[in-house]
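Structure assessment
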Amino acid sequence: MANVTDLQTKYSKLAQEYSKLRAQNQVLKKAVVDEQANSASFKEQLKQRDQSLRKQEQEMDSLSFRNQQLAKRVELLQEELAASEAKGKKGKSKVDSPSQHGLQTQSVFDEDLQKKIEENERLHIQFYEADEQHRRQEADLRARLDEVEKDSEQHQAVVDGLTTKYMETIERLQGDKARLEVKAQTLEREAKECRMRTEECQQQLRRCQSELNKQVKQSSSVIQEKVPFNDTKLSDYNSLNVPSHNRRHQLKSRDVAGQALGFIQDLVAALLNFHSYTEQRVHIYPLDSSIEPISPLNQKFSQYLHENAAYVRPLEDSFLQLHQSITEDTVTVLETVVNLKSFADNFSSYTHFLQKILPYQLKSLEEECEATLCTAVLTAKNQELQSDVKRVTSVFEKLKSYLNLLALPSVQQDAMPQSSTSAVFTQLASCLHSLHDVIQEMSKHYNQKAGLEQELPTITQKLRTTTECLLGSLASLTSSTGKIATFFSNNLDFFTSSGYSPRGSTLALNPLQAESMLANKKKAAAYIHAVKKPRPQSVPYREALSNRRILTSSTESREGLTQQVQQSQEKIARLEQEKEHWLLEAQLGKVRLEKENQRIADLEVQLAAALGESPNCRLLMAAAGTPAQSHEEAETEQKAESSTLCTSLVGMLCTTPTVEHVGDEESREQLIKTHYMARVGELTTQLQISDSKAVHFHSECRALAKRLAIAETSRETLSEEVKVANQNITRLQDELTTTKRSYEDQLSMMSDHLCSMNETLSKQREEIDTLKLSSKGNAKKNKGR
């Protein structure tokens, strides 16, 4: 079910990412539509520019035509001027005053004509410049329009490709969702079945608990009523003063030790990484050992740091031995946990190691402060790290003393009372919290120091990577110490509680009482194992003693009884054979009796037919009956005298050599045959039934085996599908992240491009407005002229 929930959460995340990408796709579509609208507006503006250009060309044609007319007029005026000058020379002498007037008018016309010519030239120049500028702007706008159209086509192609791709991913995810829903339904059914089974198991557990509670009550009442004595002289060695074995306490101790082992392993790994990366940093900073030799103090410091595994690894090994020593069949108290002393000794050796490297660490930080590029802020951070290192060492010293106190009861009995143990555990919890705080402060100061070192110009890539690794080890050390502190605080009640204590005493449990407790546990387990077997009803004590006397005083031994049993079994078998024989004899006797009765009836009929139905004959027959009977008795006696004994595999049969001997033997054989045929028929029917049952069971077993194989294959396929689905989900997540990043980049590029396009459009609109205004002013001037 956990896998299904993970898949559902991943699928919901994928759906959210898809919705976000869909919204971004809508934004892209809107941007493309806006670009298309802008391109359409550009086309409209281009058309308007073309129209205005045509108008200006028409105006230019009209102006050129007007210019030609003016030029012709100027030529005519010049010809008239030449003619008038010629005439003036001829009639100069004749008329002086009119010639002067004509010269004045001629000079006025010349000035006016010169002004018109200059204005015409200026208009020509302005029109040519405007035309050239308009052509350049039109070419620029066409080039930009082509670029915008190309960009819009590219964006449209990208949008279409992404839509098709995401439709495919949506279909694939929908298929995965359907398969996962089917699998979830099957898992829900299995979960329901498991719930039903758990309910049944819980009901059985409740019944068992109720029965066990009844038995406990009965046994406790029996113990209280029937065991009134108590040894008050030597209470420590009193078997009744030994506490009962607490299995729940042992399971809790095992669980707590397992959790603590995981935290200790994390702490050991973090300490190893911290010391190793510190050693690497000493070889790199402030002097690189590959370029120039480091100081003797740092060499000694790195040598000591190189030996850190010899002090750190035993912590994990000793605690692992401690965890392995805690089982359900042991007693876990401070007095019996012997391996705690080895852990405390290893912790003490590690604390001595920290004290040994402390002055070298402080001197190394001082050397970093004495470097040429070390700033005042960096020096302050190094001083803070020195104080942090001292505090860490002092906290480890406190932890060492508390662990030695806790390990003391396993070595020396009655070394510490229960109240002192609770106080030690409480102080140990507070010390662990202070260790977490100190390491957190050291990690914070080291982060600040690393940030300041990044700004130095002489920092190398090797130092940067080593510092990052050192910061990572400090972060893991901070998290592991925090986990240990919270774990110890949460289980402080369990540590301070006394899981085992003698009845009526506040003293701690000694190892002798623990051995007695384990011995009592083994005896109780053996007794319970014997109780589970079916036993006859118990016999009172006096009756059992009398039965024992009778049994011991009897002369019959076991061999005699076995012989009597064998003889009785043989006798029973012989009697069973005789019973079968006499049953056959009884059946044969019945048959013979029926035949004799039938023969007598036939003889009576023949006699009646021969003598008639007269009463005299009947009397004669009655009179003759007695001699006939006597004759028959004589015959039977003679037959009995001359009878023979016939034996067969079935039994014995006495026969007489009479005329009916052959018929009796045949009838007997026929009866035996029918009896055995019936018996064989019953046995064959039973054999057929058993064969059919065996075939049925065989087919059921084969079907179950096939179903098991199919279930195994389906389980394997489902596990492979789940793996493939997880791989697909991770791949899709990677693709989504990459596409998301690419889309974000494209959106940023598009937004920048749109901003630049808006700026260019605003500039073009301003230029168009200025051109329109200038063209309108020129048109007005031309109209005014």
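Above this text sits the structure in question.
Residues numbered from 1 in each chain as written. Predicted model: local features only at pLDDT ≥ 70, side-chain atom pairs only at ≥ 80, totals over all residues. Heavy atoms only, no water.

1. Regarding the overall build of the protein chain
Worth spelling out the cut-off: Runs of H or I in DSSP of at least four residues are treated as helices and runs of E of at least two as strands, each being numbered from the N terminus. Only protein chains enter the area calculation, which uses a 1.4 Å probe; residues under 20% of their type maximum are buried, those over 50% are exposed, and those in between are partly exposed. Any two residues whose heavy atoms approach within 4.5 Å are treated as being in contact. To measure how exposed things are, a 1.4 Å probe is used in the Shrake-Rupley method; for residues, cover is taken only from the protein chains shown.
Along the backbone of the protein chain there are 15 helices and two strands. Within the protein chain, buried positions represent 26% of all 785 residues. In the protein chain, the proportion of contacts linking residues at least 24 apart, taken out of those at least 6 apart, comes to 84%. As displayed, the protein chain offers around 53,700 Å² of accessible surface, 55% of which is attributable to carbon and sulfur atoms.

2. Description of helix α4 (residues 296–306)
What counts is decided by this rule: The directions from the helix axis to the C-beta atoms are what the arc is built from.
All of the buried residues in α4 are Asn298, Phe301, Ser302, Tyr304 and Leu305. For α4, the angular spread of the buried residues around the axis is 160°, confining them to a single face. Exposed residues on α4 whose side chains face more than 90 degrees from its buried face are Pro296 and His306. Structurally, α4 contributes buried residues whose contacts are with α3 (247–284) and α6 (339–369).

3. Re the environment of Thr486
With respect to the element layout, Thr486 can be found in helix α9 (residues 461–490). For Thr486, a relative accessible area of 40% translates into the label partly exposed. Residues Thr486 and Ala429 lie 57 residues apart in sequence; the distance between their C-alpha atoms is 8.6 Å.

4. A word on the side chain of Thr393
Selection criterion: Under this definition, polar contacts are N or O atom pairs within 3.5 Å; protein pairs additionally need one hydrogen-donor-capable and one acceptor-capable atom, and for neighbouring residues in sequence, both atoms have to be side-chain atoms.
Relative to the helices and strands, Thr393 resides in helix α7 (residues 376–407). At 2.9 Å, the side chain of Thr393 and the backbone oxygen of Val389 are in polar contact. Other than its neighbours up to four places away in sequence, Thr393 contacts Leu354, Gln355 and Leu358.

5. A look at the packing of α3 against helix α5 (residues 309–325)
To keep things clear, this is the line we draw: Working convention: axes come from line fits to C-alpha atoms, limited for helices to the stretch in contact. Angles between N-to-C directions cover 0 to 180 degrees. Oblique is the label for any angle not under 35 degrees, not over 145, and not in the 65 to 115 range, which are roughly parallel, roughly antiparallel and roughly perpendicular in turn. Residues are grouped as follows: Ala, Val, Leu, Ile, Met, Phe, Trp, Tyr, Cys and Pro are nonpolar; Asp, Glu, Lys and Arg are charged; all remaining types, including Gly, are polar.
Contact geometry of α3 with α5 gives a least axis separation of 9 Å together with a crossing angle of 170°. Accordingly, the angle class assigned to the pair α3 and α5 is roughly antiparallel. Contacts between α3 and α5 involve Arg254, Ala257, Gly258, Ala260, Leu261, Ile264, Gln265, Val268, Leu271, Leu272 and His275 from the first element and Ala309, Val312, Arg313, Leu315, Glu316, Phe319, Leu320, His323 and Gln324 from the second. Classifying every residue of the contact of α3 with α5 gives twelve nonpolar, five polar and three charged.

6. Section: the packing of aromatic side chains
Just so we agree on the cut-off: Geometry of aromatic contacts follows a simple scheme: Phe, Tyr and Trp rings, the Trp one being its six-membered ring, pair when their centres are within 6.5 Å, and the pair is stacked under 30 degrees between planes, edge-to-face over 60, tilted otherwise.
Following the criterion strictly, the structure yields nine aromatic pairs and no others. Centre to centre, the rings of Tyr304 and Tyr360 are 5.3 Å apart; their planes meet at 65°, and the pair counts as edge-to-face. Here the residue Tyr304 occupies a position in helix α4, and Tyr360 occupies one in helix α6, the gap between them amounting to 56 residues. Geometrically, the ring pair formed by Phe343 and Phe347 is tilted, given 6.4 Å between the ring centres and 40° between the ring planes. With Phe343 and Phe347 both in helix α6 and four residues apart, this pair spans about one turn of that helix. Phe347 carries the same exposure label as Phe343, and that label is buried.

7. A word on the pattern of salt bridges
What counts, and what does not: A carboxyl oxygen of Asp or Glu within 4 Å of a side-chain nitrogen of Lys or Arg is what we treat as a salt bridge.
For the structure shown, the criterion picks out 15 salt bridges. Here Glu453 ties to Lys449 by a salt bridge, and the two come within 3.9 Å at their closest N and O atoms. Of the two residues, Glu453 and Lys449 are both situated in helix α8 (residues 418–454); the distance of four residues between them amounts to about one turn of the helix. Overall, Glu453 belongs to the buried group, its relative accessible area being 2%. What makes Lys449 buried here is its relative accessible area of 1%. Each of Arg281, Lys449 and Glu453 takes part in a single network of salt bridges with overlapping partners.

8. Digging into the side chain of Asn308
Relative to the helices and strands, Asn308 resides in the loop between α4 and α5. Only 2.4 Å separates the side chain of Asn308 from the backbone oxygen of Leu305, close enough to count as a polar contact. Among residues more than four places away in sequence, those in contact with Asn308 are Leu272, His275, Ser276 and Phe353.

9. Here we look at the packing of α4 against α6
Relative orientation and spacing of two packed helices are given, respectively, by the angle between their axes and the distance between those axes. Applied cut-off: Should the near helix be turned counterclockwise from the far one by less than a right angle, the crossing is left-handed, whereas a clockwise turn marks it as right-handed.
Interhelical geometry of α4 versus α6 gives an angle of 145° and a closest axis separation of 10 Å. Crossing of α4 against α6: the hand is left-handed. Between α4, through Leu297, Asn298, Lys300, Phe301, Tyr304 and Leu305, and α6, the contact on the second element is made entirely by Phe353, Lys356, Ile357, Tyr360, Gln361, Lys363, Ser364 and Glu367. The residue makeup of the contact of α4 with α6, split by class, is seven nonpolar, three polar and four charged.

10. Comments concerning the nonpolar core
What counts here: Joining through side-chain atoms within 4.5 Å is the link that ties buried Ala, Val, Leu, Ile, Met, Phe, Trp, Tyr and Cys residues into a set, and such a set is a nonpolar core.
Formed by 65 residues in total, the largest nonpolar core has its most connected members in Leu340, Tyr350 and Phe488. Elements represented by at least two residues in this core include exactly α3, α4, α5, α6, α7, α8, α9 and α10 (492–496). A total of twelve residues in this core trace back to one element, the largest contributor, which is α8. Discounting chain neighbours no more than four positions away, the residues touching Phe488 are Phe425, Leu428, Ala429, Leu432 and Phe495. The next biggest cluster of nonpolar side chains, apart from the first, holds twelve residues, and it includes Leu173, Leu732, Tyr743 and Met750.

These results come straight from atomic positions and should not be treated as a statement about function.
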